Amino acid sequence: MEKTKRPLNEDEADKQELSLPQKKYYRQRAHSNPIADHDFDYPSCPEAYDWSTLYPDVTNTESNIYNKRVEMLDIGCGYGGLLVTLSPMFPDSMILGMEIRVKVSQYVIERIKALRANQPNCYNNIACIRTNAIKYLPNFFKKGQINKMFFLYPDPHFKKSKHKWRIINDTTLSEYAYVLAEEALVYTVTDVKDLHEWMVQHFSEHGLFKRVEDGDLKDDPVVDKLYASSEEGKKVTRNNGDKFLAVFMRIKDPDL
């Protein structure tokens with residue numbers, strides 16, 4: 001007699017293999033105005049955000065051994081390639097991607113959900129939220145909380161009138177410096193030489209950053225992963241395009 005299969009309970013159903021989302025259903029125009037008003041949910045302060053909704057092993061109880069804080073931040077994370085790459089490299093670190101585009105951020109959320117279901121106990125340290133990093137970083141992170149920050153192939157906003165939309169500018173650098181720990185590293189990669197020079201100039205002229213010499217990066221395991229871990233990086237590789245890397249360190253606050 002053929003055995004009748006019992007229905008899966010909720011926990012078992014969640015563990016069934018999930019198909020990874022297909023990018024063709026999550027395509028969205030590359031440009032987004034970060035200055036415009038968008039409909040975002042954000043906490044009034046870092047203590048008010050419930051990180052346990054994003055990371056399965058995190059609780060908001062201070063006495064709990066699993067209570068952690070985000071230490072690495074990928075701003076404009078795109079389709080999440082860097083998050084997935086960094087997850088097994090830094091299994092004890094919480095890594096967050098921030099993406100302003102609705103469909104793209106939803107793709108990353110679904111991608112992480114599927115990866116966790118298909119590989120139990122893996123990828124629990126990465127997550128993605130849709131938000132505007134230019135406006136709301138201090139709402140999510142405390143002063144000196146972040147150890148590594150990434151800007152991979154940010155929107156160049158080519159028109160001079162839209163340079164104020166660039167993710168790196170005088171105002172945003174002060175916001176980034178606030179949430180970065182002393183000696184934290186900021187990694188930038190772009191295939192646009194003009195944007196590379198723009199970012200180098202702004203970081204170099206800011207009083208709280210200094211550029212890390214290329215020779216000092218040879219032992220950094222992250223650097224080699226930056227060029228092609230993202231979808232944009234892979235596209236540049238296919239097109240034999242140039243890639244410009246610059247890494248900066250958050251220096252100590254000056255004595256006043």
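Refer to the structure above for everything that follows.
What counts, and at which threshold
Residues numbered from 1 in each chain as written. Predicted model: local features only at pLDDT ≥ 70, side-chain atom pairs only at ≥ 80, totals over all residues. Heavy atoms only, no water. Helix = DSSP H or I, 4+ residues; strand = E, 2+ residues; numbered from the N terminus. Contact = heavy atoms within 4.5 Å. Areas by Shrake-Rupley, 256 points an atom, 1.4 Å probe, with all protein chains shown as cover. Buried < 20%, exposed > 50% of the residue type's maximum accessible area, 1.4 Å probe, protein only. Lys, Arg positive; Asp, Glu negative; His and termini not counted. Salt bridge = Lys/Arg side-chain N within 4 Å of Asp/Glu carboxyl O. Polar contact = N/O pair within 3.5 Å; in protein donor to acceptor, adjacent residues only side chain to side chain. Pairing = 2+ DSSP bridges. Right-handed = clockwise from strand over helix to strand, strands pointing away. Phe/Tyr/Trp six-rings, centres within 6.5 Å; stacked < 30°, edge-to-face > 60°. Lys NZ or Arg CZ within 6 Å of the ring centre and 35° of its normal.

A.B. asks: I'd love a proper account of the overall build of the protein, names of residues and values included.
C.D. replies: The number of helices and strands found in the protein is eight helices and seven strands. Of the contacts made within the protein by residues no fewer than 6 positions apart, 79% connect residues no fewer than 24 positions apart. Entry remark: accessible area of the protein is about 14,600 Å², with carbon and sulfur atoms responsible for 48%.

A.B. asks: Please give an account of the side chain of Lys148 that cites residues and values.
C.D. replies: For Lys148, the location among the structural elements is in strand E4 (residues 146-152). Of the buried charged residues, Lys148 lacks a salt bridge, with Asp220 as the closest side chain of opposite charge at 4.6 Å. There is a polar contact of 3.1 Å between the side chain of Lys148 and the side chain of Tyr187. Dropping the residues within four chain positions of it, Lys148 is found in contact with Glu71, Met72, Leu73, Phe90, Leu185, Tyr187 and Val222.

A.B. asks: Tell me about the pairing of strand E1 (residues 70-75), and please be specific about residues and values.
C.D. replies: A large share of E1 lies buried, amounting to five of its six residues. As defined by bridge partners, E1 adjoins strand E2 (residues 94-99) across five bridges and the pair is classed as parallel. When the sheet's bridge partners are listed, Met72 is paired in E2 with Ile95. For the handedness criterion, the β-α-β arrangement of E1, helix H2 (residues 81-89) and E2 is classed as right-handed. Sheet topology places E1 next to E4; three bridges connect them, and they run parallel. Bridging from a neighbouring strand, Met72 pairs with Lys148 of E4.

A.B. asks: Outline the packing of aromatic side chains, supporting the account with residue identities and numerical values.
C.D. replies: For the structure shown, the criterion picks out 12 aromatic pairs. Ring plane angle 45° and centroid distance 6.4 Å describe the contact between Trp51 and Tyr55, whose orientation is recorded as tilted. Of the residues examined, Trp51 reaches a relative accessible area of 8% and is grouped as buried. Taking the centre distance of 4.2 Å and the plane angle of 10° together, the rings of Phe203 and Phe248 count as stacked. Taken together, the residues Phe203 in helix H6 (residues 193-205) and Phe248 in strand E7 (residues 244-250) connect sequence positions 45 residues apart. Put simply, the rings of Tyr49, Trp51, Tyr55, Phe140 and Phe141 pair up and form one aromatic cluster. Residue placement shows Arg166 over the ring face of Trp198; its charged tip is 4.7 Å from the ring centre.

A.B. asks: Lay out the pattern of salt bridges in plain terms, naming residues and giving numbers.
C.D. replies: Applying the stated criterion to the full structure yields five salt bridges. A salt bridge links Lys142 to Glu47; the nearest nitrogen and oxygen atoms lie 3.8 Å apart. Separated by 95 residues along the polypeptide, Lys142 in the loop between helix H4 (133-140) and E4 and Glu47 in the loop between helix H1 (10-15) and E1 bring together distant segments of the chain. Residue Arg101 is joined to Glu99 by a salt bridge in which the shortest nitrogen-to-oxygen separation is 2.8 Å. Neither residue differs from the other here; Arg101 and Glu99 are each classed as buried.

Everything listed is a geometric property; what it means functionally is a separate question.
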